[in-house]
Amino acid sequence: MTAVESRLARNLHAVNERLRAACLRAGRPVSDVTLIAVTKYAELDWVRALVDLGVHHLGESRPQQLAARVEALAPAPLTWHMIGHLQRNKARRTLQSATWIHSVDSLRLLETLDQLAGELSVEPKLLVEVNLSGEATKGGFSADELRRSWPQICAVRNVRIDGLMTMAALSDDPEEARPTFAGLRQLRDELLHLSPQGWTLGELSMGMTNDFEVAIEEGATFVRIGSALFEGLESAATS
Ligand SMILES: *Cc1c(COP(=O)(O)O)cnc(C)c1O
């Protein structure tokens, strides 16, 4: 095993232990929560090694790198997640690379995705991004915008919405993220009653390296983790 492989294996083990412990505290089965490895800052070789360790859900935040990596890692049986802001002119390409898009942050983007999904005969899984922390630098609908837009969102013809995604404000104290994560779950429960039959809004994508345990306690089904998986890899690669 190379130094990179052994460091990655250790990091992954530590993340899985944290995930397991959070599920146990929350009384949830571990199978409820899917770990997405966020590879935006990782070298391709590290991603390959992580895939060999059994991680099959990968997330990227830029359409170009997403498409390049889908190609580079084919034909591994991977599920790709687009987690960053998506411009409408990159939507077609992204629908051809990713199964999940977590960052549906406007009605116009959703309408574009809806139309393209029909054209391309694909069935993307879509999450609406919600900005509950109120930070201007973050994308997504505010809770009120989302409530107002929900009837239009429900009018899509070729796709459906599978759940919601959010990012909590950066903080050293993960407890500060709890109200944001609980708020996303409550918003989901509220919107579910107003949704077309057949929609479950079953997925809550929330929690990153610093706050994913709290997110799991509040109902996350996807956690998006980068730093905790790839920390120490630079130095392992050169040692
Ligand atoms: C980078 C990123 C992550 C991963 O963040 P870490 O703190 O490195 O775990 C998760 N979600 C989104 C949307 C990101 O851009």
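None of these values were measured; they are calculated from a predicted model.

This part takes up the pairing of strand β8 (residues 222-225). Going residue by residue along β8, you find F222 and R224 tucked away on one face and V223 and I225 tucked away on the opposite face as well. When strand β1 (residues 34-38) meets β8, the two strands line up parallel, connected through four bridges. Looking at the pairing, T34 lines up with F222 of β8.

The environment of the ligand is formed by V38, K40, I83, M167, M208, T209, R224, I225, G226 and S227. Between the ligand and the protein, one listed contact pairs an oxygen atom with a side-chain N or O atom of T209 at 2.6 Å. Taking S227, its side chain carries an N or O atom lying 2.4 Å from an oxygen atom of the ligand. Coverage of the ligand by the protein chains reaches 86% of its 390 Å² of free accessible surface. Considering only residue class, the shell around the ligand consists of five nonpolar, three polar and two charged.

This next bit is on helix α7 (residues 178-192). Counted at 1.5 Å a residue, the expected span for α7 with its 15 residues is 21 Å, and the 21 Å between its end C-alpha atoms agrees. Every buried residue of α7 is accounted for by T180, F181, A182, G183, L184, L187, R188 and L191. Of the surrounding elements, those touching the buried residues of α7 are β5 (125-130), α6 (143-153), β6 (161-166), β7 (203-205) and α8 (212-217).

What counts and how
Residues numbered from 1 in each chain as written. Predicted model: local features only at pLDDT ≥ 70, side-chain atom pairs only at ≥ 80, totals over all residues. Heavy atoms only, no water. Buried < 20%, exposed > 50% of the residue type's maximum accessible area, 1.4 Å probe, protein only. Helix = DSSP H or I, 4+ residues; strand = E, 2+ residues; numbered from the N terminus. Pairing = 2+ DSSP bridges. Near = heavy atom within 4 Å. Polar contact = N/O pair within 3.5 Å; in protein donor to acceptor, adjacent residues only side chain to side chain. Areas by Shrake-Rupley, 256 points an atom, 1.4 Å probe, with all protein chains shown as cover. Nonpolar A, V, L, I, M, F, W, Y, C, P; charged D, E, K, R; others polar. Expected span 1.5 Å × (residues − 1). Contact = heavy atoms within 4.5 Å.

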